[in-house]
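Topology and contacts: notes
Each chain, letter by letter, is given below.
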Amino acid sequence: MTDTILGDLPTTDLELHGQRLLAWIATYLEHPERYPVVSPLAPGDVRRSLPPAPPAAGEGLEVILRDFESKILPGITHWNHPGFFAYFSISASIPGILGELLTAALDVNGMLWKTSPAATELEELTLDWLRQLLGLQAGWFGLINDTASISTMLALAAAREAKPELAIRSRGMAGRPDLPVLRVYCSEHAHSSVDKGALTLGIGLDNVVHIASDAEFRMRPDALEAAIAADVAAGYLPLACVATVGTTSTTSIDPVEAIARICTAARMWLHIDGAYGGVAAVSPRFRHVLDGVELADSLVVNPHKWLFTPIDCSAFYTRHPHVLKRAFSLVPEYLVTREQDEVVNLMDYGVQLGRRFRALKLWMVIRAFGAEGLAARLERHCELAQQFAQWVTAAEGWELCAPVPFSLVCFRFAPPGTSEAECEQLNSAILHRVNGSGEAYLSHTKLSGRYVLRLAIGNIRTEERHLARAWDLLREAAATP
Ligand code: PLP
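This section reports on the structure supplied with the text. (Residues numbered from 1 in each chain as written. Predicted model: local features only at pLDDT ≥ 70, side-chain atom pairs only at ≥ 80, totals over all residues. Heavy atoms only, no water.)

Overall, antiparallel pairing links the 4 strands, which are arranged β8-β9-β11-β10 in an open sheet. Each edge of the open sheet is held by one strand with a lone partner, namely β8 (398–400) and β10 (443–447). Neighbour-to-neighbour, the strand axes of the sheet open up by a mean angle of 40°, direction not taken into account. In terms of strand pairing, β8 meets strand β9 (residues 408–413) through 3 bridges, oriented antiparallel. Each bridged residue has a counterpart across the sheet, and for Trp 398 the counterpart in β9 is Phe 413. Along the sheet, helix α15 (residues 420–435) contacts β8, β9, β10 and β11 (450–456); its crossing angle with β11, the most-contacted strand, is approximately 30°. Lying over the sheet, helix α16 (residues 464–479) contacts β8, β9 and β11, oriented at roughly 130° with respect to β8. (Pairing = 2+ DSSP bridges. Helix = DSSP H or I, 4+ residues; strand = E, 2+ residues; numbered from the N terminus. Axes fitted to C-alpha atoms, helices over the stretch in contact; angles between N-to-C directions. Contact = heavy atoms within 4.5 Å.)

Structure (structure tokens):
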């Protein structure tokens, strides 16, 4: 065999199919509504449509891309569809998609500064830009992870390392009668990633204390203080607290300043989970949502949730990079470089070694939209949410179930005289019907035991007409016996 047979496909294939693919993507983004927002397929349909074993001989891109369209695409739930209102709605913007394409083409591994100086330096610069956009002071060190779940886990690991006397890095946690039980606090509405981080680190799920919230689903500082006092009296060691700016169920905002004061007094690490809501601070109108964050030790915001950057891109900030580095840095001989004392080597700040060049797409998104363009889009989403909330409030039988500080509305159909159990059945049926329409996709949650619908606006292509259509569908479903 010659090397020409063994090498990559000819670059003429890239040009030919690349051009076609870009044209396909342009049409797709122009008309995402041509597809049902939720994939109508049943479990196993995609697998069954594809050969169970890999091909022995290579196949042409033509046929592979045809199969993509006929077999993969039907199994896609279209997060780019403007009628996608479930979970936290996200979308890929054009600069973000182009950045992702370049990242794949360059295929650099940014584990060390040396392995691609631009990957490290653009990540440092872009996260410093994002810090400025969020209105945070200088002095925050940022790095990009895949998800907020990983960022929060790193925060808890740093919190542990911030107490070097525990010597957990070297001695671990098992079989140590000298080690007190470590406790982590978050509100009952905090994301499950806090619990996952604690279980990953061996802190144990039982040691994540879920603090009661107030009537607007915000952590109660008095309840936090009482829980810490009770734990200290029982011989536990309060380690960290996670406050949320934009909780998953309702987007409530924990009172960060009051929580920070309690954390300082208890010598605890304070991490802020602003995965969704934190980015709103890019708009001067919403800057206040990060009030008090300067008092925290770490913060996560997800540009892949609400800053039009293709998944994955989670920005993690800490004011104590040396602590994070102490928790994770381990340099085997083959990764030693001459300049390691002068530069940031991103592998030193987390579990993973290999690292995608994610900063490129975020940098391109920030440049293409600018601070004003980003803020205007976020503000529009919040206006649309207010509009929807007004429709709900004005409609007979419908009720708003939580305040609307950002772009998420929690609501339900609760005609007078309906019991809680009937209400749950009714709203679950409405959700099922609307999600089966192919035109809108919403999700649900439970608030104080009550089943409620969630409508999240975060898609860059969502306009008022899409919202109006979802509202029509909801009311039609409610009117159908
Ligand atoms: N934190 C909050 C408040 C969330 O709403 C979510 C997901 O929706 C997460 C964390 C987890 O995000 P990720 O998927 O980036 O791990």
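From this point, things continue past the structure.
Most of β11 is tucked away: 6 of the 7 residues are buried. Bridge count between β10 and β11: 5 bridges; the pairing is antiparallel. Paired with Leu 447 across the strands is Arg 450, a residue of β11. Hairpin connection of β10 to β11: 2 residues between the antiparallel strands, including Ser 448 at a positive phi of 50°. (Buried < 20%, exposed > 50% of the residue type's maximum accessible area, 1.4 Å probe, protein only.)

Counted under the stated rule, the structure contains 19 aromatic pairs. With a centroid separation of 6.0 Å and an interplanar angle of 80°, the aromatic rings of Tyr 87 and Tyr 441 are classed as edge-to-face. Linking Tyr 87 in the loop between α4 (61–72) and α5 (94–106) with Tyr 441 in the loop between α15 and β10, this pair joins segments that are 354 residues apart in sequence. Taking relative accessible area as the criterion, Tyr 87 reaches 43% and is therefore assigned partly exposed. Between Phe 141 and Tyr 349, the aromatic rings sit 4.6 Å apart at their centres with planes inclined by 35°, giving tilted as the arrangement. (Phe/Tyr/Trp six-rings, centres within 6.5 Å; stacked < 30°, edge-to-face > 60°.)

All right, on to the packing of helix α10 (residues 221–233) against helix α11 (residues 256–265) then. The description of two packed helices rests on the angle between their axes and on the distance between the axes. Between α10 and α11, the shortest axis-to-axis distance is 10 Å and the interhelical angle comes to 15°. One way to sum up the angle between α10 and α11 is to call them roughly parallel. Helix-helix and strand crossings are classified by hand; for α10 and α11 the assignment is right-handed. Judged by residue contacts, Pro 221, Leu 224, Glu 225 and Ile 228 of α10 engage Ala 258, Ile 259 and Ile 262 from α11. For the contact of α10 with α11, the residue count by class is 6 nonpolar, no polar and 1 charged. (Parallel < 35°, antiparallel > 145°, perpendicular 65-115°, else oblique. Left-handed = near helix turned anticlockwise from the far one by under 90°. Nonpolar A, V, L, I, M, F, W, Y, C, P; charged D, E, K, R; others polar.)

With that out of the way, let us pick up the pattern of salt bridges. Taken as a whole and assessed by the stated rule, the structure comprises 31 salt bridges. The partner of Arg 218 in a salt bridge is Asp 214, with the nearest N and O atoms 2.9 Å apart. Overall, Arg 218 belongs to the partly exposed group, its relative accessible area being 32%. One salt-bridge network, in which partners are shared between bridges, spans Glu 100, Asp 312, Arg 356, Arg 358 and Lys 361. (Salt bridge = Lys/Arg side-chain N within 4 Å of Asp/Glu carboxyl O.)

The next subject is the environment of Asp 291. With respect to the helices, strands and loops of the structure, Asp 291 is situated in the loop between β5 (269–274) and β6 (298–301). The class of Asp 291 is partly exposed, set by a relative accessible area of 44%. Residues Asp 291 and Val 245 lie 46 residues apart in sequence; the distance between their C-alpha atoms is 9.9 Å. Leaving out residues up to four positions away in the same chain, Asp 291 has contacts with Val 256 and Glu 257.

Burial of β6 is two-sided: the residues Ser 298 and Val 300 facing one way and the residues Leu 299 and Val 301 facing the other way are all buried. Where β5 meets β6, 4 bridges bridge the pair, whose relative direction is parallel. Across the sheet, the residue bridging to Gly 274 is Val 301, located in β6. For β6 and strand β7 (residues 314–318), the ladder comprises 4 bridges, and the chain directions are antiparallel. In the strand pairing of β7, Ser 298 is matched with Thr 318.

Neighbouring the ligand are 13 residues, the closest being Ala 148, Ser 149, Thr 248, Asp 273 and Asn 302. A distance of 2.8 Å is found between an oxygen atom of the ligand and a backbone nitrogen or oxygen belonging to Ala 148. Note that an oxygen atom of the ligand is positioned 2.5 Å from one of the side-chain N or O atoms of Ser 149. Here the ligand has 390 Å² of accessible area as a free molecule, and 86% of this is covered by the chains. Every element with two or more residues in the shell around the ligand is listed here: α7 (148–161) and α12 (303–306). Tallied by class, residues from the shell around the ligand come to 3 nonpolar, 8 polar and 2 charged. (Near = heavy atom within 4 Å. Polar contact = N/O pair within 3.5 Å; in protein donor to acceptor, adjacent residues only side chain to side chain. Areas by Shrake-Rupley, 256 points an atom, 1.4 Å probe, with all protein chains shown as cover.)

Attention now goes to the sheet that holds strand β2 (residues 182–187). Backbone-to-backbone hydrogen bonds pair the strands of a sheet. The strands run either parallel or antiparallel. Reading across the sheet, the 7 strands line up as β1-β7-β6-β5-β4-β2-β3 and stay open at both edges, with mixed pairing between neighbours. In the strand order of this sheet, the two ends are held by β1 (141–145) and β3 (208–211), each with one partner. Pairwise comparison of adjacent strand axes, ignoring direction, gives a mean angle of 20° for this sheet.

With respect to the element layout, Val 184 can be found in strand β2. For Val 184, a relative accessible area of 0% puts it in the buried group. Sequence separation between Val 184 and Leu 199 is 15 residues, and the spatial gap between their C-alpha atoms is 11 Å. Sequence-distant contacts of Val 184, that is, excluding residues within four places in its chain, are made with Leu 156, Val 194, Ile 203, Asn 207, Val 208, Val 209, Leu 239 and Ala 240.

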